[in-house]
Structure formats: C-alpha cells, structure tokens
Amino acid sequence: MSLAFDLALCALILGTAGLAVAGRNLFGSVVFYIVYGVLIALAWVSLGAADVALAEAAIGAGVTGVLLIGAWQGMKDAGGLEAEITKSLPVRVLAGLGAAALGALVGFAILSLPGHDGLTGPVAENQPALDLGNPVTAVLLSFRAYDTLLETLVLTAALAAVWSLTPARFWGGIPGPRHTTLPDGVMASFGRLLPPLGLLVAIYLVWAGADQPGGAFQAGTVLAAVWILIVLAGLRDEPHLSSLTLRLIVLAGPLVFLGAGLAGALAGLALGYPEGHARTLILIIEYALTLSIAATLALLIAGPARRAP
C-alpha cells in the first residue's frame, strides 16, 4: 500500500509539473504550480521531513502562489502581454532549455555528493549541548547558521527590490487599495475571529520548533497570512512604507542574528553559543526572525506603494 501511494504521488507530481510548465494559459500554469507545491509537501511528509513539508506548503505553495497570481494579474492589466508571451515560440523554447539546464545542474550536484551522512554524525554528537530536541533547528541555527542568515538577507533584498519599483510620486506611500467589507459579512467575521488563533499558532510553532517540527519560517508565514486577512477584511490599512517602526520590524531578525554572530565571533565562538544558554539565545533569534519574516512576506505580497502618503 505504501509503495502504491508513493508511485501514485510521484505520478501526480510529475504530471502537475508538466502541466505547470507546458500549459498555454498562464493562470492555469500558476494553479498547477500551487498544486505541485502541495504535492511536494505531501512527499516530504511521506519521507518523515515534517519541517520541510511545513515550509514547502506555507512558502513554496502558499506565498509563492499568491505572488505568482499577483504577477499574472499585473500582466493581464498590462493588456495582451499574457497572450504575447504564451504564443511566443522562442520564449517557450528558451524557457524549456533553461529549465532543462537547471535540472541537469541539480542532478549533477546530487550525484556529486560525497557518500557519507553529512551532518548527521556531528549533529547527533553535539545536539545535547544545544539543549534542542529538533535536529533541523540545530542545523539551521547552529551548524549551518550562516546559510539561514543569508536566507533572511535574501528576503530583505527581495523586498528592497520590490520597493524600488515604486513610482516617485508614491514613494513612502501605502501599497495596494483600501479594502472595505460589510461589517457583518463573512470576511469581516473571519478578520476578527481568526487572527487571535493565528497568533497563538505562530507562537506555538516557534516554541515547539526547538524540539518538534516548526520554526521561524513556518510561524512567519502564518503571521503574514493573519495580517493579510486583517487587511482584506478592511479592519486595518496597509502601513506607510516610510514608517520607521515597520522598517525596524523588517530588519529586527537579521540584526539580532548578526548581533549574535558578532558577539560569538568576539567571544571566539563564530556563531556559536555560550554553554548553557544556547536554547534561550536560539529562541530569541527565532522569535525575532518570525517578526521579520512575517512583515517581509506580507509586504512582498502587498507590493510597491500605489497610494500617496
């Protein structure tokens, strides 16, 4: 039964991937891409990698899917651009060749990996000193902390790139339109009922991530979804992009992470942690990263400013 499920899941993954790439309708391709992300998350669950499955479902399928839908809407508003791209044979051939080259590079990298267990041994040997029960958190925040730090900086750079698209007359303004809903409507009710639950889930994901599946990226995605729901429900407007508080929240995670790294370097630890304080410091970094990731993802979806301050 397990083998049959795995084979069926693999067939669905390959089928949705093919439809996402080969589809002539951009919106349909985006939908298949989102379905592909969900199926990949199920595959990670089947492999016992719950942390990766949560990240894939939240960011790979959820946030990325919303961004792609927004890009499709922008192309549609541009007038005829979608049809021009989907019918352009050179563009489709170039995209196919690029995807094939990237797939070949990924395959080569996988086949070139050394034949050992990677960080499994060092993590198992040193994890008790970190007082963490989740080996994934131990890897991300200790053994490969530089990679995690760079991931947060990449998100910040992506947000800066999106903000750079703001027209000069709207610089520092408010992204997106002002949403209004019926006071007793379904969206307004969801906007009042779900945010407290989402906040509790986000706090739990960070706290539990020290010993169980969870962490800052998953919790940040939940918080971003909570804020988007509040905005769509018309309960609050998007913040001014020139807000100092907003920018400090975006930078809080990377700055706390960098501060921990600099302190460790001065103490001769190089992104290590003092004995007996590793768990506390890692949780502080995770909560700071959660706020920054949530703000960054929500602002990426909101896009550049479209209204004057």
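Throughout what follows, the structure given in this document is the object of discussion.

Thresholds applied
Residues numbered from 1 in each chain as written. Predicted model: local features only at pLDDT ≥ 70, side-chain atom pairs only at ≥ 80, totals over all residues. Heavy atoms only, no water. Helix = DSSP H or I, 4+ residues; strand = E, 2+ residues; numbered from the N terminus. Buried < 20%, exposed > 50% of the residue type's maximum accessible area, 1.4 Å probe, protein only. Contact = heavy atoms within 4.5 Å. Areas by Shrake-Rupley, 256 points an atom, 1.4 Å probe, with all protein chains shown as cover. Lys, Arg positive; Asp, Glu negative; His and termini not counted. Charge placed at Lys NZ, Arg CZ, Asp CG, Glu CD. Salt bridge = Lys/Arg side-chain N within 4 Å of Asp/Glu carboxyl O. Phe/Tyr/Trp six-rings, centres within 6.5 Å; stacked < 30°, edge-to-face > 60°. Arc of directions from axis to C-beta. Core = buried A, V, L, I, M, F, W, Y, C linked by side-chain atoms within 4.5 Å. Axes fitted to C-alpha atoms, helices over the stretch in contact; angles between N-to-C directions. Parallel < 35°, antiparallel > 145°, perpendicular 65-115°, else oblique. Left-handed = near helix turned anticlockwise from the far one by under 90°. Nonpolar A, V, L, I, M, F, W, Y, C, P; charged D, E, K, R; others polar.

## A short note on the overall build of the protein chain
At step 1: For the protein chain, the helix and strand inventory stands at 12 helices and two strands.
At step 2: Start at the N end of the protein chain and walk to the C end: the helices and strands fall as α-α-α-α-α-α-α-α-β-α-α-α-α-β.
At step 3: With the principal axes as the frame, the protein chain shows a C-alpha extent of 60 × 50 × 40 Å.
At step 4: Buried positions account for 35% of the 309 residues belonging to the protein chain.
At step 5: At a minimum sequence separation of 6, the contacts of the protein chain that also span at least 24 residues come to 74%.
At step 6: Surface summary for the protein chain: the accessible area is close to 17500 Å², and the carbon and sulfur share equals 73%.
At step 7: If the 13 positive side-chain charges of the protein chain are averaged to one point and the 17 negative ones to another, these points end up 18 Å apart.

## Considering the pattern of salt bridges
One side chain can pair with another of opposite charge once the charged atoms of both are near each other.
At step 1: The final tally for this structure, using the stated rule, is three salt bridges.
At step 2: Residues Asp147 and Arg144 are paired through a salt bridge, measuring 2.6 Å at the closest nitrogen-oxygen approach.
At step 3: In this structure Arg144 comes out as partly exposed when scored by relative accessible area, which is 44%.
At step 4: Here Asp211 ties to Arg279 by a salt bridge, and the two come within 2.7 Å at their closest N and O atoms. In this pair, Asp211 is assigned in the loop between helix H9 (186-208) and helix H10 (216-232) and Arg279 in helix H12 (residues 278-302), connecting sequence segments 68 residues apart.

## What about the side chain of Arg279?
At step 1: For Arg279, a relative accessible area of 18% translates into the label buried.
At step 2: Once you skip the residues sitting within four places of it in the chain, Arg279 turns out to touch Leu130, Asp131, Leu132, Ala210 and Asp211.

## Topic: the packing of aromatic side chains
At step 1: Summed over the entire model, instances satisfying the criterion amount to two aromatic pairs.
At step 2: Ring geometry for Phe27 against Trp72: centres 4.8 Å apart, planes inclined by 45 degrees, an arrangement best described as tilted. Within this pair, whereas Phe27 is found in helix H2 (residues 26-46), its partner Trp72 is found in helix H3 (residues 50-78), the two being separated by 45 residues in sequence.
At step 3: For Phe27, a relative accessible area of 33% translates into the label partly exposed.
At step 4: Classification of Trp72 by relative accessible area gives buried; the value is 15%.
At step 5: Judged by centre distance (6.5 Å) and plane angle (35 degrees), the ring pair of Tyr33 and Tyr36 falls under tilted. Of the two residues, Tyr33 and Tyr36 both sit in helix H2, three residues apart, roughly one turn of that helix.

## A closer look at the environment of Gly215
At step 1: Residue placement: Gly215 occurs in the loop between H9 and H10.
At step 2: Considering only alpha carbons, one finds Gly215 and Asp131, 84 residues apart in sequence, at a separation of 16 Å.
At step 3: If we ignore the near neighbours within four places in the chain, the residues touching Gly215 are Leu205, Val206, Gly209 and Glu286.

## Some points on helix H6 (residues 120-130)
Turn by turn, an α-helix covers 3.6 residues, leaving residues three or four places apart pointing in a common direction.
At step 1: Within H6, the full set of buried residues consists of Val123, Gln127 and Leu130. All buried residues of H6 lie within an arc of 60 degrees about the axis, which places them on one face of the element. Turned more than 90 degrees away from the buried face of H6 sit Ala124, Glu125, Pro128 and Ala129, all of them exposed.
At step 2: Structurally, H6 contributes buried residues whose contacts are with helix H7 (135-143) and H12.

## Overview of the environment of Ala20
At step 1: Assignment of secondary structure puts Ala20 in helix H1 (residues 2-22).
At step 2: In this structure, the C-alpha to C-alpha distance between Ala20 and Thr296, residues 276 residues apart in sequence, is 27 Å.

## A word on the nonpolar core
At step 1: Among the nonpolar cores identified, the biggest contains 33 residues, and Phe257, Tyr273, Ile293, Leu297 and Leu299 are the most heavily contacted of them.
At step 2: Counting residues per element, this core draws most heavily on H12, which supplies 11 residues.
At step 3: Residues Ala202, Leu205, Val206 and Ala219 belong to the second largest nonpolar core, which totals six residues.

## Digging into the packing of helix H8 (residues 145-163) against H12
Packed helices, taken two at a time, are described by their axes: the angle between them and the distance between them.
At step 1: H12 packs onto H8 with a crossing angle of 30 degrees between their chain directions and a minimal axis gap of 10 Å. By the angle between their directions, the pair H8 and H12 is classed as roughly parallel. Taken as a pair, H8 and H12 cross one another with a handedness that is left-handed. Contacts from Thr152, Leu155, Ala158, Leu159, Val162 and Trp163 in H8 reach Leu289, Ile293, Thr296, Leu297, Leu299 and Leu300 in H12.
At step 2: Tallied by class, residues from the contact of H8 with H12 come to 10 nonpolar, two polar and no charged.

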